[in-house]
Amino acid sequence: MLTPEDTAQLAAANLTREFPNFTAHLTVSPDDRPRPRDLHPAFYGAYDWHSAVHMHWLLLRTRPEAHADVLDRHLTRENLATEAAYLLAHPGFERPYGWAWTVALAAECRGTRWAGALEPAVAAVEDLLTRWLPKATYPVRHGIHTNSAFSLGLILDTGERAGLRAATLEAVRDRLRDWFADDHDAPAHWEPSGQDFLSPALTEADAMRRVLDAAEFEQWLDRFLPALNTGAPCAILDVPVVSDHADPHIGHLLGLALSRAAALRHLADALPDGPARTRLTDAAEAHLAAGLPAVDRGDFTTDHWLATFAELALTAPRSGTQ
């Protein structure tokens, strides 16, 4: 297993690697061909913008003092003002996944010398979020970046520390309840899709854990995933098969093992003792054991992002603990 020092070194190496880069920029003229560092002076590394954001989060979670030079160069007021302006000028950019990780990064920066620099980016995300939520009639339920439940759940976890207003967070809770409160009999047997790194069913359940009280959530989960209590087969408890770790899309399934582990741990911790809690706990540990060995393989296709999801899984509460 990677030590915190190893994880921080992995994060720093990726954050300062500009190429290869998947630049999701809408080109509007023949001359509009900037390099990644020009567009995103803070978040140009780690292959894509959202990975750069959450690998900064990872660095702050592990050993920020060992790589303060990277954070000092990237997380400046000038750089983050540029990032905030880009977000506002491109309202669909990184919605909602990159938005959520921006909020999480700001929360992680609280109390550090980099906190003030993140304020314009958080304000931009809040502005975009409050304009988007009222028109987001339907959630996106698939298992990749635009999944609605994962991002809004992450915003609820970190938004208060990041400085989001209470009214904004309540609007997030209301939207989650509007989307998911009446859901039942989730088609868990459809999972996973071939390039998922999130579980549609588990991200939804984990989001509802955040907005329902304990008794309501236990009842909701029994309706949503009745197999947990009956003992019937439940595909989302089975570790995904990853046939080619180096394939960028199939390799997403390595992240699925880790994101499932995190969600399964949180769900188990939210339930009383019983068969559902036991099954969730056992499945969480199986997924974690399968995903962790892939975190640092020396392959940029996974090294630029996977350690973040290992951190989410390893720091999720284990059943019966806090």
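Sequence positions are assigned chain by chain, starting from 1 and proceeding in written order. Per-residue local features of the predicted model are confined to residues with pLDDT of at least 70, and side-chain atom pairs are confined, for both listing and counting, to 80 or more; whole-chain, interface and lining totals are unaffected and use all residues. Only hydrogens and water are removed before side-chain values are computed, so all heavy atoms of the structure are retained for them.

For helices, the axis comes from a line fit to the C-alpha atoms of the stretch in contact; other axes are also lines fit to C-alpha atoms, and the angle between any two N-to-C directions lies between 0 and 180 degrees. Strands here are runs of E lasting at least two residues and helices are runs of H or I lasting at least four, both read from the DSSP assignment and numbered beginning at the N terminus. For the pair helix 10 (residues 200-211) and helix 13 (residues 252-270), the least separation of the axes is 10 Å and the interaxial angle reads 40°. Classified by the angle their axes make, helix 10 and helix 13 are oblique. Note on packing geometry: the crossing formed by helix 10 with helix 13 is left-handed. Facing Leu202, Ala205, Asp206 and Arg209 of helix 10, the residues of helix 13 in contact are Arg260, Ala263, Leu264, His266, Leu267 and Ala270. For the contact of helix 10 with helix 13, the per-class residue count stands at 6 nonpolar, 1 polar and 3 charged. Relative orientations are named as follows: roughly parallel for angles under 35 degrees, roughly antiparallel for angles over 145 degrees, roughly perpendicular for angles from 65 to 115 degrees, and oblique for any other angle. If you view the pair so one helix is near and one far, a crossing is left-handed when the near helix is turned anticlockwise from the far one by less than a right angle, and right-handed when it is turned clockwise. Contact between two residues is taken to exist if any of their heavy atoms lie within 4.5 Å; hydrogens are not considered. Ten residue types, Ala, Val, Leu, Ile, Met, Phe, Trp, Tyr, Cys and Pro, are classed as nonpolar, four, Asp, Glu, Lys and Arg, as charged, and the remainder, Gly among them, as polar.

Only buried residues count toward a nonpolar core, which is a set of Ala, Val, Leu, Ile, Met, Phe, Trp, Tyr and Cys residues joined through side-chain atoms within 4.5 Å. Accessibility here uses a 1.4 Å probe with only protein chains present; expressed as a share of the type maximum, an area under 20% marks a residue as buried, one over 50% as exposed, and anything in between as partly exposed. Counting residues in hydrophobic clusters, the biggest one holds 109 residues, and the most contacted among them are Phe43, Leu75, Trp101, Leu152, Leu176 and Phe309. Excluding residues within four positions of it along the chain, Trp101 makes contact with Val53, His54, Trp57, Phe150, Leu154, Thr308 and Leu312.

Here helix 3 (residues 49-62) contains 14 residues, and its C-alpha end-to-end distance of 20 Å stays within 8% of the 20 Å for a straight helix at 1.5 Å per residue. Buried residues dominate helix 3, accounting for 13 of its 14 residues. Multiplying 1.5 Å by the helix residue count minus one yields the expected span of that helix.

Between the rings of Phe, Tyr and Trp (Trp by its six-membered ring), a pair exists once the centres lie within 6.5 Å; its type follows the angle of the planes, with under 30 degrees stacked, over 60 edge-to-face, and the other angles tilted. What the rule picks out here adds up to 19 aromatic pairs. Where Trp99 meets Trp132, the ring centres are 5.8 Å apart and the plane angle is 90°; that geometry is what we call edge-to-face. Placement of the pair is Trp99 in helix 6 (residues 97-109) and Trp132 in helix 7 (residues 115-132), with a sequence separation of 33 residues. Taken individually, Trp99 and Trp132 each receive the classification buried, so the pair is uniform in this respect.

Quick look at helix 7 now. Helix length check: helix 7, at 18 residues, gives a terminal C-alpha distance of 25 Å against a target of 26 Å (1.5 Å per residue), a fit within 8%. The largest bend along helix 7 reaches roughly 25° and is located at Ala121. Summarising the contacts, the buried residues of helix 7 are in contact with helix 5 (77-89), helix 6, helix 8 (148-162) and helix 9 (166-180). The term bend refers to the angle at a residue between two fitted axes, each drawn through seven residues, those ending there and those starting there.

With that settled, consider the environment of Ala261. Along the chain, Ala261 falls in helix 13. Put simply, Ala261 and Gly159 are 102 residues apart on the chain and 23 Å apart in space, counted from C-alpha to C-alpha. Setting aside chain neighbours within four positions, we find Ala261 in contact with Ala284, His287, Leu288 and Ala313.

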